[in-house]
Amino acid sequence: MTQFIQKRCAPFFALIMLVPLNHALAFTFQEAIQKISSHASVQAIDEKSNAIIQEGRNQSAWGDPMLRVSAKNFPVESLSYDQTPMTGIEFGISQNIPITGKYGKIKDAFDQLAHATKYQSEDKQRQLIQSLWLILIENRKIEEEIVIIKENLQWIGNIVKVSERLYANGSISQQALLDIKIRHSELEAQLSNKKYESQEQLDLLGYILGFDNASLNKDTVPWHILDKIDENPIDTRQRSFEHTLSSKESMLQARKRNVVPDLTLSLGYTLRSDIDQNGDFVSATVGFPFPISGKKSSSRNKAAYEKASAQNILEDYKNFKESRLRQQKHQIEKINEELKILNTRSIEFAKNSREVTSKSYSLGRSTYIELLQSELKLQNLLIQRSQLDGKLRSTKATYKFLIGDKLYE
């Protein structure tokens, strides 16, 4: 039956789905991967990463020096420049100067956060690729089911002809003939529904590829990838959590160093009229804030809590990942065992049963109920196998995604 399905599915596998609309854009699998890399949702996260880098440069800068011009000690009544020795024009410059390396830690914190966001972008891209695979897998299952239903529809059509002859001979009742025709109509309805399901997959594909009515050449799909595991997978989601933790650690170090305040150094030069023969004046000032409020301590505590939160998120993800991977492995083993039983025993028994019942019915030895039961049993088993094949492929795709394996060549 597998060979039969493959032969019958060949025309359907040429494209990802039946496209009823005109002007469809057909992509190869590799072209689809390239389109996903420029997807709007991926680009949005990339731009966020770039914004974080710029914010880091802003937050880690010392700040601009302050230039100052002051008119000092001019008499109120005359505003004369040369009336008193204290009158003058002062030109000054001041600059905040850190005496710890906190700004370097702040820059490192933002750089690590930008890396984390970049990995989020890569993870988003991997999610879209996984979605592409799930669409391909679902569509392949739908096309296999279409072939099964069509083959069954043809078989029922032949049975209707036999039943009409038996009814004419008085061997079966009119109710039996009607029930068989009803079953024929049910199969036609199933076939129509499957074609609509195929259209739904087309709509999902359009979002991923960024085009309405897009299609994908299924001859280019590397199905063998699902059975391969790379030696050095990269879990982009875990990398993102790790860089986030590093960012929080750097920010905590910066907040601890912030306990030591920055110095503010000011230099001034005052131009005077020199009526006292002492020339111009120069001045220098050093100042720093006195940390008596709880602002710095609360900032440090906040950074400590954020680091602890990031640590817990990373640990939780690792535990979740290991649990899901074990679950996926057991699921793959379970499906393989079910498929083995279906392929070696159940389907062969059902095929033989339908064939025997069909011949017996044509000779008037079996009832139409037995006939329909054998037909329905075989169809259900074939569809069950198709669904299990699809579930096995999707489970493998999910497993590869969880371990960080590549889903394309």
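Anything mentioned here points back to the structure above.
The notes below deal with the structure included here. This structure is a prediction, so every number in the text was calculated from the model and none was measured.

### Here's the deal with the nonpolar core
Counting 25 residues, the largest nonpolar core has Leu132, Trp133 and Leu136 as its most contacted members. For this core, the secondary structure elements donating two or more residues are α2 (29-37), α4 (102-168), α5 (174-209), β4 (214-216) and α8 (368-403). It is α4 that provides the largest number of residues to this core, a total of seven residues. For Trp133, the residues in contact, after removing those within four places along its chain, are Phe29, Val221, Pro222, Trp223, Ile225, Leu226 and Leu407.

### Focus on the layout of surface pockets
Rolled over the atoms, a probe with the dimensions of a water molecule shows which regions are left empty. There is about 280 Å³ of room inside the largest pocket. Surrounding the largest pocket, 14 residues form its lining, Glu122, Arg126, Thr236, Lys406 and Tyr408 being those nearest its centre. Top element by residues in the lining of the largest pocket is α4. It accounts for four residues. The class makeup of the residues in the lining of the largest pocket is five nonpolar, four polar and five charged.

### Re the side chain of Lys141
Mapped onto the secondary structure, Lys141 falls in helix α4. Excluding its chain neighbours within four sequence positions, the residues that come into contact with Lys141 are Ser386 and Gln387.

### Comments concerning the packing of α4 against helix α6 (residues 236-257)
For the pair α4 and α6, the least separation of the axes is 8 Å and the interaxial angle reads 165°. Classified by the angle between their axes, α4 and α6 sit roughly antiparallel to one another. Where α4 crosses over α6, the handedness of that crossing is left-handed. Grouping the constituent residues of the contact of α4 with α6 by class yields eight nonpolar, 12 polar and 10 charged.

### Description of the sheet that holds strand β5 (residues 263-272)
Spatially, the four strands line up as an open sheet ordered β2-β3-β5-β6, and their pairing is antiparallel. Here the strands that pair on one side only, and so sit at the sheet edges, are β2 (66-72) and β6 (281-287). The sheet shows a mean angle of 20° between the axes of neighbouring strands, direction not considered. Sheet topology places strand β3 (residues 88-97) next to β5; 10 bridges connect them, and they run antiparallel. Bridge assignment links Gly88 to a residue of β5, and that residue is Arg272.

### Observations concerning α2
Among the residues making up α2, those that are buried are Phe29, Ala32, Ile33 and Ile36. Here the buried residues of α2 occupy an arc of 100° about the axis, which is enough to place them on one side.

### Quick notes on the packing of α4 against α8
Viewed as axis vectors pointing N to C, α4 and α8 meet at an angle of 170°, and their least axial separation amounts to 10 Å. Compared by their axis directions, α4 and α8 come out roughly antiparallel. Here the hand of the crossing between α4 and α8 comes out right-handed. By residue class, the composition of the contact of α4 with α8 is 12 nonpolar, nine polar and nine charged.

### Structural notes on a nonpolar patch on the surface
Taken together, Val69, Tyr81, Phe91, Tyr269, Leu271 and Val282 make up a surface patch of nonpolar side chains, about 570 Å² in accessible area. Relative to the elements of secondary structure, Tyr81 occurs in the loop between β2 and β3.

### Quick look at the environment of Glu197
Structurally, Glu197 is set in helix α5. A relative accessible area of 26% means that Glu197 is categorised as partly exposed. For the pair Glu197 and Ala397, spaced 200 residues apart in the sequence, the C-alpha separation amounts to 21 Å.

Procedures and definitions
Just so you know, the residues in each chain are numbered from 1, in the order the chain's sequence is written. For a predicted model such as this one, the threshold for reporting local features is a pLDDT of at least 70, and the threshold for listing and counting side-chain atom pairs is 80 or more; totals across whole chains, interfaces and linings nevertheless cover every residue. Hydrogens and waters are ignored; side-chain quantities use all the structure's heavy atoms. Nonpolar core, defined: a set of buried Ala, Val, Leu, Ile, Met, Phe, Trp, Tyr and Cys residues in which side-chain atoms within 4.5 Å join the residues together. Each residue is assigned to one of three classes by its accessible area relative to the maximum for its type, calculated with a 1.4 Å probe on protein chains only: buried under 20%, partly exposed between the two thresholds, exposed over 50%. Note on conventions: DSSP H or I runs of at least 4 residues are helices, E runs of at least 2 residues are strands, and numbering of each starts at the N terminus. Residue contacts are counted whenever heavy atoms from the two residues lie within 4.5 Å of one another. Using only the protein atoms, space was sampled on a 1 Å grid; points where a 1.4 Å probe fits but cannot get out form cavities, open sets with protein on both sides within 12 Å along at least five of seven lines form pockets, and lining residues are those with an atom within 4 Å of a point. Grid points are joined across faces, edges and corners, and a volume is the space filled by probe spheres set on the points. The residue classification treats Ala, Val, Leu, Ile, Met, Phe, Trp, Tyr, Cys and Pro as nonpolar and Asp, Glu, Lys and Arg as charged. All others, Gly included, are polar. Axes, fitted as lines to C-alpha atoms, cover a helix only where it is in contact. Angles between the N-to-C directions of the axes lie from 0 to 180 degrees. Note on angle classes: values under 35 degrees are labelled roughly parallel, values over 145 roughly antiparallel, values of 65 to 115 roughly perpendicular, and the remainder oblique. Crossing handedness is read from the near helix: turned anticlockwise from the far helix by less than a right angle, it gives a left-handed crossing, and turned clockwise, a right-handed one. The pairing criterion is simple: DSSP has to find at least two bridges between the two strands. Each direction from the helix axis to a C-beta atom contributes to the arc, which is the arc of those directions. Exposure above 30% relative accessible area and the lack of any salt bridge qualify a residue for a patch; like charges then connect within 9 Å, and the nonpolar side chains Val, Leu, Ile, Met, Phe, Trp and Tyr within 5 Å. All accessible areas in this document rest on Shrake-Rupley with a 1.4 Å probe, and a residue is counted as covered only by the protein chains that are shown. Whenever Lys or Arg places a side-chain nitrogen within 4 Å of a carboxyl oxygen from Asp or Glu, that contact is recorded as a salt bridge.

Purely geometric stuff here, so don't read any function into it on its own.
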